[in-house]
Amino acid sequence: MTPADDDHRNVFRHSDEDAVIVAKDPDTPQTRAPAYRLAFTDTEFLLREELRPIRLQLELLKPQLVMDERGVKTTVVMFGGARIPAPEDAARARTPALAALSHYYVEAERFARLITERSIASYGHDWVICTGGGPGVMEAGNKGAHEAGGQSIGLGIVLPHEQAPNLYVTPDLSFNFHYFAIRKMHFLMRARAITVFPGGFGTLDELFETLTLIQTKRMKRLPFILFGRVFWESIINWQGLADAGTISAEDLDLITFVETADEAIAAIDRFKGDDCAGGAVGSPGDPAGRAGTS
């Protein structure tokens, strides 16, 4: 494209130019009045309740544009507890049970490293690790990607007690959200596999919302992998849901249990979607991997 072509596409004055100009306006009662501010530079205006639809749009659009510009096409999502410690920090865990879960930090780190090695082969366009950007399992995921020499995404959210993003998230792919709903959309919009490690309310929320989308066919079926059968079966009676009829027996086939990173990689590679009865562990053709079976 020639400079002339570029000029023709931008015949109007840019908004950022006007923002610079008005910043130099004389200080008068008129220029100090809120009504005088340019709407797109007026934070007070943008935070009004009536502007919520615009803010929702902005939170959807900003990460979308940035990831498009970075060439991110597909992701592998890692959900899991922020409180799960690295093994070297297990002694400081608030409960012995939490300390015992520290080995999943190691598996999360290894899984992310293996996936990112695959991502690098696609020049970082596919198989990009995506976490919530925080500590615990999220940190392990971003750390594994960093150790492999690749990029990873962190989708943070503003919480009263939350700290800054973990230091392993790729800075240009470190996002911050106000709206949980929009953050969840970005977790799933590019996902080609979902992994869920032991966690608390937030992890359960993400787990069941994703399962519901797949169950109701609002989202394509994809590998949905839970690390830690003992943990998950101790807190959720999966078979009990099917026995009660509140879910269908075949809904259990949506879930694959694994213990290690290598098992998760194998399950992803075996997955062939809805049309293959003998695909991933946990498919109708492999009942040994089903939730609630032994």
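Basis of the calculations
- Residues numbered from 1 in each chain as written.
- Predicted model: local features only at pLDDT ≥ 70, side-chain atom pairs only at ≥ 80, totals over all residues.
- Heavy atoms only, no water.
- pLDDT = per-residue confidence, 0-100.
- Contact = heavy atoms within 4.5 Å.
- Pairing = 2+ DSSP bridges.
- Helix = DSSP H or I, 4+ residues; strand = E, 2+ residues; numbered from the N terminus.
- Axes fitted to C-alpha atoms, helices over the stretch in contact; angles between N-to-C directions.
- Phe/Tyr/Trp six-rings, centres within 6.5 Å; stacked < 30°, edge-to-face > 60°.
- Buried < 20%, exposed > 50% of the residue type's maximum accessible area, 1.4 Å probe, protein only.
- Lys NZ or Arg CZ within 6 Å of the ring centre and 35° of its normal.
- Core = buried A, V, L, I, M, F, W, Y, C linked by side-chain atoms within 4.5 Å.
- Right-handed = clockwise from strand over helix to strand, strands pointing away.

A. Quick peek at the confidence of the model for the chain. Chain-level statistics for the chain give a pLDDT mean of 90 and a share of 89% at 70 or above. Below pLDDT 50 for its whole length, residues 275-294 participates in 50 contacts with residues either more than four positions away or in separate chains.

B. Spotlight on the sheet that holds strand 7 (residues 256-258). Spatially, the seven strands line up as an open sheet ordered 4-3-2-1-5-6-7, and their pairing is parallel. Both edges of this open sheet fall to strand 4 (174-177) and strand 7, since each of them pairs with a single strand only. Neighbour-to-neighbour, the strand axes of the sheet open up by a mean angle of 25 degrees, direction not taken into account. Bridging between strand 1 (residues 75-79) and strand 2 (residues 128-131) involves three bridges; their strand directions are parallel. Within the sheet, the bridge partner assigned to Val-76 lies in strand 2 and is Ile-129. In the packing of helix 8 (residues 137-147) onto the sheet, contacts are made with strand 1, strand 2 and strand 3 (152-157), and the angle to strand 2 comes to roughly 160 degrees. Where helix 9 (residues 180-189) meets the sheet, it contacts strand 1, strand 2, strand 3, strand 4 and strand 5 (191-196), and its direction lies at approximately 165 degrees from that of strand 3.

C. Spotlight on the packing of aromatic side chains. Throughout the structure, instances matching the rule amount to five aromatic pairs. Ring geometry for Phe-197 and Phe-227: centres 4.0 Å apart, planes at 15 degrees, overall stacked. Remark: Phe-227 occurs in strand 6 (residues 224-227) and Phe-197 occurs in the loop between strand 5 and helix 10 (201-215); sequence separation between them is 30 residues. As far as the burial class goes, Phe-197 and Phe-227 line up, both buried. Summarising the aromatic geometry, the rings of Phe-231 and Trp-232 are spaced 5.0 Å apart at their centres and angled 85 degrees between planes, so their arrangement reads as edge-to-face. Joined through ring pairs, the aromatic side chains of Phe-111, Phe-197 and Phe-227 make up one cluster. The positively charged end of Arg-192 is found above the aromatic ring belonging to Trp-127, 3.7 Å away from the centroid.

D. Representation of the nonpolar core in the model. Counting residues in hydrophobic clusters, the biggest one holds 62 residues, and the most contacted among them are Phe-111, Ile-153, Ile-194, Phe-224, Leu-226, Trp-232 and Trp-238. No other element matches helix 7 (residues 103-121), which puts six residues into this core. In contact with Ile-153, other than residues within four places in its own chain, are Met-67, Val-72, Thr-75, Val-128, Ile-129, Cys-130, Thr-131, Asn-142, Val-169, Leu-173 and Phe-175.

E. The arrangement of the pairing of strand 5 in detail. A large share of strand 5 lies buried, amounting to five of its six residues. Summarising the sheet, strand 1 and strand 5 pair through five bridges and their orientation is parallel. By the bridge assignment for strand 5, Thr-75 is matched with Ala-191. In this sheet, strand 6 lies alongside strand 5 in parallel orientation, the contact comprising three bridges. Counted as the bridge partner of Val-196 is Leu-226 from strand 6. In the classification by handedness, the crossover that spans strand 5, the intervening helix 10 and the parallel strand 6 is right-handed.

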